Amino acid sequence: MTKQLPSHAQVVIIGGGIHGCSVAYHLAKQGLTDVVLLERKQLTSGTTWHAAGLVGQLQGSHATTAFAKYGIELLQEIEAETGQNPGYRRSGSISIAVNDERMAELKRKADFAALFGIEAHYMETAAIQERWPLMNPEGVLGGIYMPSDGSANPVDLTTALAKGARMRGAKILENIKVEEVLTERGKAVGVRTAEGTISADYVVNCGGMWARELGRQNGVGVPLHACEHYYLVTEAIENLPSDLPVLRSYCDGTYWKEDAGKLLFGFAHFQAKPWGMRGISEDFEFDSLPFVEDDVMEVLELAMNRVPLLQETGIRTFFNGPESYSYDGRFILGQAPDIANYFVLGGVNSTGIQSGSGAGQALAQWIIDGHPPIDLSEMDPKRCEEFQARDPYLQARCPETLVLTYAMHWPNRQRETVRNLRRTPFYHPMKARGACFTEVQGWERPGWFAPEGVEPKYQYSFGRQNWFPYVQEEQKAAREAVAMIDYSMLGKLMVEGRDAESFLQRACTNNMSMANGRVAYTLMLNERGGIESDVTVARHGGESFMVMSSISHTRRDYLHLRDLIREDEDVRLRDVTSAYGVLGIMGPQSRALLQAVSDADLSNAAFPFNSLRHFHIGHAPVFAQRLSYSGELGWEIFITPDFAEHVFEVLMQAGEEFGIRLIGGEALNALRLEKGFLHWGHDMAYTEAPHQIGLEFVCKTEKPVPFIGREAYLGRKAENKGPFLCSVKLRDPGPLLHHNEPVLRDGKVEGFVTAGAWGQTLGAAVGLCFLTLPEGETDKAAVAAGDFTVLVEGQSFAADVSLTPFYDPDSKRMLERA
């Protein structure tokens, strides 16, 4: 029977799983009730219905933890509001460790919980066994107990959200498949179904494992893929305690929860398989997949060893169902890159029940306010390159995400699938010299260099990894002699045309009305005064500028600039990233090295900081800009690919006299943190304003063309609200900082580390951190007052905090005027 569809809705949501129903509920709850949700079959019938229902508050980032924390709060309230019990049980959870490194990770997770006021504490093995008597304690070193964790019924929770949405006026219609998202002039304007068309102001793709194909129809990349995911349910177990906490043994790849007198135990596979490579049947509804014993036998044996009762208990349910995983392990949440008012939510990597309520709330708030309510930049669909949204890539990469869910979450862990896609002109000569490569956006980038006789391969740890001594030498070369790094993969965007200068004046905070051959570091703000990006701009001609971006945000910066171009402006935007190889040289001997190989006048008078010059190295025409991300005297040298290896060889040969050393990203990160230099996405994002991070000096509020966000920036600066970014250094040279370690002032958590490394020059772990002002204080200088400690693996270490960098705060080395 044909259903009567409304002709229009403010928001049409596609997909009736936990995410779609959460978006509908939170839109309606905040007063936007003209909402229609369309589900192709029945609510929850894709993947939501068979979720295990675990709800743990502590996730991998600030945003996802905020989602999960809110999800617990909603579980406790929604029955009173809707009359629908979501099946929430606050049983707590215990995560166990069977080796020292896993214990270090769990302790760091417990430290992270302190930032959110979430209770988490260490448990001895004997206490764990008393609380979970079915566990075999052999090899267990201890664990972390979180009393507020538990489980919920996925179908009941989704039903409660749907009921709450309907109660406020939202329409939820089942058995209606969206065949096409309608667009006009780059904007979503509705959907087409077999039952008719609905025009809409906003369209939200919550299609789960169908979201990728639906997005592809409109050129929207949704980088997720379904993978096979197993769990088992035992027969009823006599006298099984009903209050058992959820037990997680990451090293055994298994979790267990009590389920109505039975045990449900599921797996994070050591090998995983994609599913639906040839599409998904139109009839798919509450379906399961074939159970293949060989796929789970290895982890099943570990599970039976950890809980020996399983060896003598029958299995009632052998379940295999599809779940969607993203290509990089991060959510996909936000507005599509190329279609206005088209939003996506998906790829939550088996955390839908614990994160769905919060993710839906955030997306609903984004639609209502017109901007993200918190920093969601890690989830931005704009991060995804075109090749990363294609099936061949996703079918190889997404199963690795599933495998890594219970694997060690090492600092700087590298993906192993789909590698060696993008190589710079220096890849082969650097590989021959011992480069150990990391991967960013498909680019292979040296992380560090192994000396002869050492395998260039990461050996992970939360302590000093195998590369630690080699990276100390790399840092030392940059500080005392000369170091060279491959910068080729940094984004290079040409902005050209008659209106290029006035356009960049509007887009950028710094003054873009500069002479040819000048370079400027600048921010780009949004209308709220938040930082959309930080870039370097070089003027190559009267109507030609190059904008340089970080590797991971090149596409995002390109799209941001593209969307700012007005119809009446003569502005052309080109991505020329792969048109140049770039070598960065840095250190007190960098000027002497360049003088030895070039015909350029490299004196400070002829080649000052923030300037650009064309000259030759060997036989190759190059241009270089005098900049530094290390805090040392330095240049970035741009070479066309045909001459790239020649220039590399000339510099390496001449550099022997000056102690040249190749360095990678690990060393550069430590160098920039000693100097207090920032990285967008770690130390700032679109929620922070320049006054919070000490970058007021690049905000030229009096320039002739006001920059976007100027008034909001001035307002926020006058208000002087934090938190504020500071440098932090541990006094004890032993522990390491990575990120998210809590920072305490006078014994109270007041902030967290955004990025950390071990600085060779300072002889200790150093980083950047956000800190709130002491209560009652209004002067920014007060943020660094007090006795500071940093929590590292459950221990407090004394720290120094400063609003200025610990290394060369006056930048005398970088600005050397010889």
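Calculation notes
Residues numbered from 1 in each chain as written. Predicted model: local features only at pLDDT ≥ 70, side-chain atom pairs only at ≥ 80, totals over all residues. Heavy atoms only, no water. Pairing = 2+ DSSP bridges. Helix = DSSP H or I, 4+ residues; strand = E, 2+ residues; numbered from the N terminus. Axes fitted to C-alpha atoms, helices over the stretch in contact; angles between N-to-C directions. Buried < 20%, exposed > 50% of the residue type's maximum accessible area, 1.4 Å probe, protein only. Polar contact = N/O pair within 3.5 Å; in protein donor to acceptor, adjacent residues only side chain to side chain. Contact = heavy atoms within 4.5 Å. Expected span 1.5 Å × (residues − 1). Left-handed = near helix turned anticlockwise from the far one by under 90°. Nonpolar A, V, L, I, M, F, W, Y, C, P; charged D, E, K, R; others polar.

A. Up close: the sheet that holds strand β36 (residues 788-792). Read once around its circumference, the closed barrel built from six strands follows the order β32-β35-β34-β33-β36-β37, with strand pairing classed as antiparallel. Neighbouring strand axes in the sheet, compared pairwise and without regard to direction, differ in orientation by 40° on average. Relative to β36, strand β33 (residues 742-745) runs antiparallel, the two sharing three bridges. Paired with Leu744 across the strands is Thr789, a residue of β36.

B. Representation of the side chain of Ser598 in the model. Tracing the backbone shows Ser598 in the loop between α15 (590-597) and β28 (612-617). Here Ser598 falls in the buried class, since its relative accessible area comes to 14%. Here Leu594 takes part through its backbone oxygen, which lies 2.8 Å from a polar atom of the side chain of Ser598. A polar atom in the side chain of Ser598 sits 3.4 Å from the backbone nitrogen of Ala600. With sequence-adjacent residues up to four places away left out, Ser598 is seen in contact with Phe615, His616 and Ile617.

C. Quick look at helix α10 (residues 391-404). With 14 residues, α10 extends 20 Å from end C-alpha to end C-alpha; this agrees with the ideal 20 Å at 1.5 Å per step. The element α10 is extensively covered by neighbouring structure, given that ten of its 14 residues are classed as buried. Among the residues of α10, Asp391, Tyr393, Leu394, Arg397, Cys398, Pro399, Glu400, Thr401, Leu402 and Leu404 are the ones counted as buried. Looking at the packing, one finds that the buried side of α10 touches α7 (211-216), β12 (224-234), β16 (315-326) and β19 (435-440).

D. Main features of the packing of α15 against helix α16 (residues 641-655). Contact geometry of α15 with α16 gives a least axis separation of 10 Å together with a crossing angle of 120°. Crossing geometry of α15 relative to α16 is assigned as right-handed. Here α15 contributes Leu593, Leu594 and Val597 to the contact with α16, which in turn contributes Val650, Leu651, Ala654 and Gly655. Grouping the amino acids of the contact of α15 with α16 by side-chain chemistry returns six nonpolar, one polar and no charged.

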